[in-house]
Amino acid sequence: MTPSATLEAHALTKRYRRTTAVDDLSFRVRPGVVTGFLGPNGAGKSTTLRLFLGLDRPTRGAATVGGLRLAETPRAMRVVGAMLDARAVHPRRTATDHLLAVARAGGVHRRRVPEVLGLVGLADAAHRPAGELSLGMQQRLGIATALVGDPGVVILDEPLNGLDPEGIRWARTLMRDLASEGRTVLFSSHLMGEMELTADHLVVVHHGRLLADQPLTAFVAERTTRRVRARSPERERLAAALDRAGVTTRVDPVAADALDVTGTTTDEVGRIAATTGVALAELTDVRDSLEEVFLAMTAARKDAA
Ligand code: ADP
């Protein structure tokens, strides 16, 4: 493995004719953790990744890998491995031939090819034409392409697309393993549940602008309203007792027997229920999912705009 490096966007801006795809973005992506690049469609994620890879030139600012633009970096494939579009493979080429061509172009020894095919679980499909592979297998081949140079930095655009649940779990474990080997791992996804399970750190963009750059747990914790979910066959009596105790309650419209209680703890709700003689069917600490936090945040932006 080549040494890992930090990715850095510095006042990065990319304008197309009418669109500002990336607008003054500054952030760093560090080695040893999985960083999720999150944003709705059209937020500027792919453009940013292309700028890091030197496939496009910024209008202003810079995108660097280990302090250098990738175009200035010798043996770039060993420094950064990327998958932008898993379908960018000639359909009649076999998986092995495709990877051999990639290895040759990057000055990587051909013995790496069976190694990466094994790594992505495609050893049995090594001699099948890429066009005959399932979407999930093409995705695995795309990931293999990124890993040919055994790079210290791995960039994957929507790597979970087209994978079945087993494949998603595999990709998640792979990304976590790559990071724990000390590599810099940046992946984009619009599947927020998956991102929540995979990423340690988040870079969040919306309309080309940076909304957040922080650990995932902090991103959620800072924006969530903690609440207690209580279910009881005597919901109204429980609500009245909580009300008397000065605790804020909100009746949950989802379930007929549920209450959402803010400004308190499970301990206190349990104590009040016991004193009142009300049976409880459930008492849980609830926090918003990444998806709920993200949607609330982008909706608030839309209102403000
Ligand atoms: P994401 O990857 O987050 O979905 P993109 O980076 O693909 O977002 O796109 C960001 C914005 O830039 C979109 O409005 C898109 O239409 C525009 N865009 C991207 N590439 C080009 C291009 N080559 N020419 C013109 N507009 C583009």
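Residues numbered from 1 in each chain as written. Predicted model: local features only at pLDDT ≥ 70, side-chain atom pairs only at ≥ 80, totals over all residues. Heavy atoms only, no water.

### A short note on the overall build of the protein chain
Inference 1: Counting its secondary structure elements, the protein chain contains eleven helices and 13 strands.
Inference 2: Projected onto its principal axes, the C-alpha coordinates of the protein chain cover approximately 75 × 45 × 35 Å.
Inference 3: Out of the 305 residues belonging to the protein chain, those deemed buried represent 50%.
Inference 4: Partitioning the intrachain contacts of the protein chain with sequence separation of at least 6 by distance along the chain shows that 68% fall at a separation of at least 24.
Inference 5: Accessible surface, the protein chain as shown: approximately 15100 Å² in total, 50% of it carbon and sulfur. (Helix = DSSP H or I, 4+ residues; strand = E, 2+ residues; numbered from the N terminus. Buried < 20%, exposed > 50% of the residue type's maximum accessible area, 1.4 Å probe, protein only. Contact = heavy atoms within 4.5 Å. Areas by Shrake-Rupley, 256 points an atom, 1.4 Å probe, with all protein chains shown as cover.)

### Focus on the side chain of His 201
Inference 1: Residue position: His 201 is located in strand β8 (residues 201-206).
Inference 2: Judged by relative accessible area, which is 17%, His 201 ranks as buried.
Inference 3: A distance of 3.3 Å separates a polar atom in the side chain of His 201 from the backbone nitrogen of Gln 214. (Polar contact = N/O pair within 3.5 Å; in protein donor to acceptor, adjacent residues only side chain to side chain.)

### Comments concerning the sheet that holds strand β4 (residues 60-65)
Inference 1: Taken in spatial order, the three strands make up an open sheet running β2-β1-β4, and their pairing is antiparallel. Strand pairing shows two members of the sheet lacking a second neighbour, β2 (20-29) and β4, which therefore form its edges. Between one strand axis and the next, the sheet turns through 20° on average, direction left out of account.
Inference 2: Pairing geometry for strand β1 (residues 7-15) and β4, over five bridges, is antiparallel. Within β4, the position partnered with Leu 7 by the bridge is Val 65. (Pairing = 2+ DSSP bridges. Axes fitted to C-alpha atoms, helices over the stretch in contact; angles between N-to-C directions.)

### Comments concerning the pattern of salt bridges
Inference 1: Using the criterion set out here, one finds 21 salt bridges in the structure.
Inference 2: Here Glu 181 makes a salt bridge to Arg 183, at a shortest N to O gap of 2.7 Å.
Inference 3: Owing to a relative accessible area of 44%, Glu 181 belongs among the partly exposed residues under this scheme.
Inference 4: Arg 183 gets classed as buried once you look at its relative accessible area, which sits at 7%. (Salt bridge = Lys/Arg side-chain N within 4 Å of Asp/Glu carboxyl O.)

### What to know about the site of the ligand
Inference 1: Taken together, Tyr 16, Thr 19, Ala 21, Pro 40, Asn 41, Gly 42, Ala 43, Gly 44, Lys 45, Ser 46 and Thr 47 make up all the residues around the ligand.
Inference 2: Between the ligand and Gly 42, the relevant distance is 2.7 Å, taken from an oxygen atom to a main-chain nitrogen or oxygen of the residue.
Inference 3: With respect to the ligand, the backbone of Ala 43 contributes an N or O atom lying 3.1 Å from an oxygen atom.
Inference 4: Protein contact buries 59% of the 570 Å² of open area that the ligand shows by itself.
Inference 5: Top contributing element to the shell around the ligand by residue count: helix α1 (residues 45-52), with three residues.
Inference 6: Of the residues assigned to the shell around the ligand, the class counts are four nonpolar, six polar and one charged. (Near = heavy atom within 4 Å. Nonpolar A, V, L, I, M, F, W, Y, C, P; charged D, E, K, R; others polar.)

### Topic: the pairing of strand β9 (residues 209-215)
Inference 1: Judged from the six bridges that link them, β8 and β9 form a sheet pairing that is antiparallel. Across the sheet, Val 203 pairs through a bridge with Asp 213, a residue of β9.

### Some points on the layout of surface pockets
Inference 1: For the largest pocket, the calculated volume is near 390 Å³.
Inference 2: As for the largest pocket, its lining consists of 18 residues, of which Leu 53, Gly 81, Ala 82, Met 83 and Thr 145 are closest to the centre.
Inference 3: Of all elements in the fold, only α2 (76-79), β5 (80-83), α3 (95-106) and α5 (135-147) reach the threshold of two or more residues within the lining of the largest pocket.
Inference 4: With four residues, the single largest contributor to the lining of the largest pocket is β5.
Inference 5: Looking at the lining of the largest pocket residue by residue, the classes come out as 13 nonpolar, four polar and one charged.
Inference 6: In this structure, the second largest pocket occupies an estimated 230 Å³ of space.
Inference 7: Surrounding the second largest pocket, Met 83, Leu 84, Asp 85, Ala 86, Arg 87, Leu 135, Gln 138, Gln 139, Asp 157, Glu 158, Asn 161 and Gly 162 form its lining.
Inference 8: In terms of residue count, the dominant contributor to the lining of the second largest pocket is α5 (three residues).
Inference 9: For the lining of the second largest pocket, a count of residues per class yields four nonpolar, four polar and four charged. (1 Å grid on protein atoms, 1.4 Å probe; cavity = no way out; pocket = protein on both sides within 12 Å on 5 of 7 lines; lining within 4 Å. Points joined across faces, edges and corners; volume = space filled by probe spheres on them.)

### With respect to helix α4 (residues 112-119)
Inference 1: Taken as a whole, α4 has its buried residues at Arg 112, Val 113, Val 116 and Leu 117. For α4, the arc enclosing every buried residue in end-on projection is 135°, short of the 170-degree limit, so these residues lie on one face.
Inference 2: The inward-facing, buried residues of α4 abut α3 and α5.
Inference 3: Directly beyond the C-terminal end of α4, a positive phi value near 75° is found at Gly 121. (Arc of directions from axis to C-beta.)

### A look at the UniProt feature "domain: ABC transporter" (unreviewed entry) in the protein chain
Inference 1: UniProt records the feature "domain: ABC transporter" (unreviewed entry) for residues 7-232 in the present numbering.
Inference 2: Note that residues 7-232 is 34% helix and 27% strand, and that its end C-alpha atoms are spaced 51 Å apart. (UniProt positions renumbered as here; feature names shortened; annotations may be inferred.)

### So, the nonpolar core
Inference 1: The biggest cluster of nonpolar side chains holds 53 residues, and the ones touching the most others in it are Leu 202, Phe 219 and Leu 290.
Inference 2: The biggest single contributor to this core is helix α6 (residues 165-180), with seven residues.
Inference 3: Residues within four places of Leu 202 in sequence aside, it is in contact with Gly 36, Leu 38, Met 195, Ala 212, Asp 213, Gln 214, Leu 216, Phe 219 and Leu 290.
Inference 4: One finds Ala 5, Leu 51, Leu 53 and Val 79 within the second-largest nonpolar core, a separate group that totals 25 residues. (Core = buried A, V, L, I, M, F, W, Y, C linked by side-chain atoms within 4.5 Å.)

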